[in-house]
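A structural walkthrough
Chain residues, written in single-letter form:
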Amino acid sequence: MRTRQQLRALKLIDGGGLERGSVAALADRLGITARHLGRLFERHVGASPQ
């Protein structure tokens, strides 16, 4: 099951969120740390958001 933050992150990434910024900037937009974003992705997607 994906978290609300992950779904929002995936939507932002799909919309080019990482093309215009870094993982840290994306995490900031989500209100979480880049480390936490990475852990969420590893746990639920099996890959890092980079």
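Above this text sits the structure in question.
Cut-offs and rules
One numbering rule holds for all chains: residues counted from 1, following each sequence as written. With pLDDT at 70 or above as the cut-off, local features in this predicted model cover only qualifying residues; side-chain atom pairs require 80 or more to be listed or tallied, and sums for whole chains, interfaces and linings still use all residues. Side-chain measures were taken over the full set of non-hydrogen atoms in the model, leaving aside hydrogen atoms and water. Think of it in three bands: with a 1.4 Å probe and only protein chains considered, a residue is buried below 20% of the maximum accessible area for its type, exposed above 50%, and partly exposed in between. Secondary structure elements follow DSSP: runs of H or I of four or more residues count as helices, runs of E of two or more count as strands, with numbering from the N terminus. Each C-beta atom gives one direction from the helix axis, and the arc is the one those directions make. The contact rule is simple, with two residues in contact once any of their heavy atoms fall within 4.5 Å. The term nonpolar core refers to a set of buried residues drawn from Ala, Val, Leu, Ile, Met, Phe, Trp, Tyr and Cys, joined through side-chain atoms within 4.5 Å.

**Here's the deal with helix H3 (residues 34–44)**
- Along H3, the residues that are buried comprise Leu-37, Gly-38, Leu-40 and Phe-41. End-on view of H3: buried residues confined to an arc of 160 degrees, all on one side of the axis. Relative to its buried face, H3 has exposed residues pointing more than 90 degrees away, namely Arg-35 and Arg-43.
- Tucked into the core, H3 has its buried residues touching helix H1 (4–14) and helix H2 (23–30).
- Gly-46 occupies a position one or two residues after H3 and carries a positive phi of about 85 degrees.

**What to know about the nonpolar core**
- Judged by nonpolar contacts, Ala-9, Leu-12, Val-23, Leu-26, Ala-27, Leu-30, Ile-32, Leu-37, Leu-40 and Phe-41 together constitute the single largest core of 10 residues.
- Mapped by element, the contributors of at least two residues to this core are H1, H2 and H3.
- With 4 residues, H2 is the single largest residue contributor to this core.

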